[in-house]
Amino acid sequence: MALEDVLHRIRRAEAKANRPAGSVELTAVSKVQPIERVEAVLDQGHRLFGENRVQEAQGKWPTLKQRYDGIRLHLIGPLQTNKVKAALELFDAIESVDRESVAEKIAAELEKSGRSQPLLYVQVNTGEEPQKAGIAPGEADALIERCRGEYGLEIAGLMVIPPADEPPAPHFALLSKIAERNSLAKLSMGMSGDFETAIEFGATEVRVGSAVFGDRVPGAVTAASE
Ligand SMILES: *Cc1c(COP(=O)(O)O)cnc(C)c1O
């Protein structure tokens, strides 16, 4: 089974990197997947999922959370300030904090709602790709400092999506270095094609979609029914 296979590969990569068994978590990326596949993975006992769009996530997870206990949901896609409130209502972690306006909005919404802070990760655009979300590596320390100092937010870790057309290892290494000098424990890095490499470079969470669920099916019904 695909889920078991991916979990097995994660355990093997941990061992190869001399890291404790269980030190890497699997975030199963369920975006654009037919809802039956998501339910099948839930039925196998998996509980940590990633989504990249707030609106799509709103169509499935409130219902699935009523049917399954212990679901944890991470937002791994770009976040606009006008979606922050909805994101805070649904997600246990926001992995895409990449500018001060978003940090400011998160702090303001938390204050207003009295909610506890979700896990927050700063997304770093290590490849400095203009079309991609994330803060430039040279500005990451300053953003983390502003989040902590100015907005009173606790930052749990960092997230990266390396450029598709480059070897990922230098990007994983850079993310790990930025995390270390900012005393951040969590590193969300590695996808279906490179999660074993990411584990070698210290990933604490790998975000794997197609290797768990199969190829994404554009236009599939992703919403859950009661
Ligand atoms: C879609 C997506 C993934 C998963 O990609 P796969 O190649 O299917 O494993 C991981 N991270 C982010 C941010 C994504 O948008």
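Please refer to the structure higher up on the page.
Residues numbered from 1 in each chain as written. Predicted model: local features only at pLDDT ≥ 70, side-chain atom pairs only at ≥ 80, totals over all residues. Heavy atoms only, no water.

Novice: Before we go on, may I ask you to explain the site of the ligand in this structure?
Specialist: By nearness alone, every residue bordering the ligand is listed as Val29, Lys31, Ile76, Ile161, Met191, Ser192, Arg207, Val208, Gly209, Ser210 and Arg216. A distance of 2.6 Å separates an oxygen atom of the ligand from a polar atom in the side chain of lysine 31. Coverage of the ligand by the protein amounts to 89% of the 390 Å² it exposes when considered alone. When atom positions are compared with the pocket grids, the ligand is found to occupy the largest pocket. Its residues assigned to classes, the shell around the ligand comprises five nonpolar, three polar and three charged. (Near = heavy atom within 4 Å. Polar contact = N/O pair within 3.5 Å; in protein donor to acceptor, adjacent residues only side chain to side chain. Areas by Shrake-Rupley, 256 points an atom, 1.4 Å probe, with all protein chains shown as cover. 1 Å grid on protein atoms, 1.4 Å probe; cavity = no way out; pocket = protein on both sides within 12 Å on 5 of 7 lines; lining within 4 Å. Sits in = over half its atoms within 2 Å of the grid points. Nonpolar A, V, L, I, M, F, W, Y, C, P; charged D, E, K, R; others polar.)

Novice: Is there a simple way to think about the nonpolar core in this case?
Specialist: Note on soluble globular proteins: their nonpolar side chains tend to be buried together. Counting 63 residues, the largest nonpolar core has Trp61, Ile106 and Leu158 as the members making the most contacts within it. Those residues in contact with leucine 158 that sit more than four places away from it in its chain are Tyr121, Val122, Val124, Ile144, Leu175, Ile178, Ala179, Leu184, Lys186, Leu187 and Ser188. Of all hydrophobic cores here, the second largest spans five residues; its members include Val29, Ile76, Ala93 and Met159. (Core = buried A, V, L, I, M, F, W, Y, C linked by side-chain atoms within 4.5 Å. Buried < 20%, exposed > 50% of the residue type's maximum accessible area, 1.4 Å probe, protein only. Contact = heavy atoms within 4.5 Å.)

Novice: What should I look at first to understand the environment of leucine 153 in this one?
Specialist: Mapped onto the fold, leucine 153 is located in the loop between helix H6 (137–149) and strand E6 (157–160). Distance from leucine 153 to proline 118, taken between C-alpha atoms, is 9.7 Å for residues 35 residues apart in sequence. Each residue touching leucine 153, except ones within four places of it in the same chain, is listed here: Ala103, Ile106, Ala107, Leu110, Gln117, Leu120, Cys147 and Arg148. (Helix = DSSP H or I, 4+ residues; strand = E, 2+ residues; numbered from the N terminus.)

Novice: Is there a simple way to think about the pairing of strand E1 (residues 25–29) in this case?
Specialist: Working note: regular strand, side chains alternate between the two faces of the sheet. In terms of burial, E1 is largely enclosed, as four of its five residues are buried. Judged from the four bridges that link them, E1 and strand E8 (residues 205–208) form a sheet pairing that is parallel. Each bridged residue has a counterpart across the sheet, and for threonine 27 the counterpart in E8 is arginine 207. Bridge analysis of E1 against strand E2 (residues 48–51) gives two bridges, and the strand direction is parallel. Bridge pairing in E2 links alanine 28 to phenylalanine 49. Where the polypeptide runs from E1 across helix H2 (residues 35–43) and back to E2, its parallel neighbour, the crossover connection is right-handed. (Pairing = 2+ DSSP bridges. Right-handed = clockwise from strand over helix to strand, strands pointing away.)

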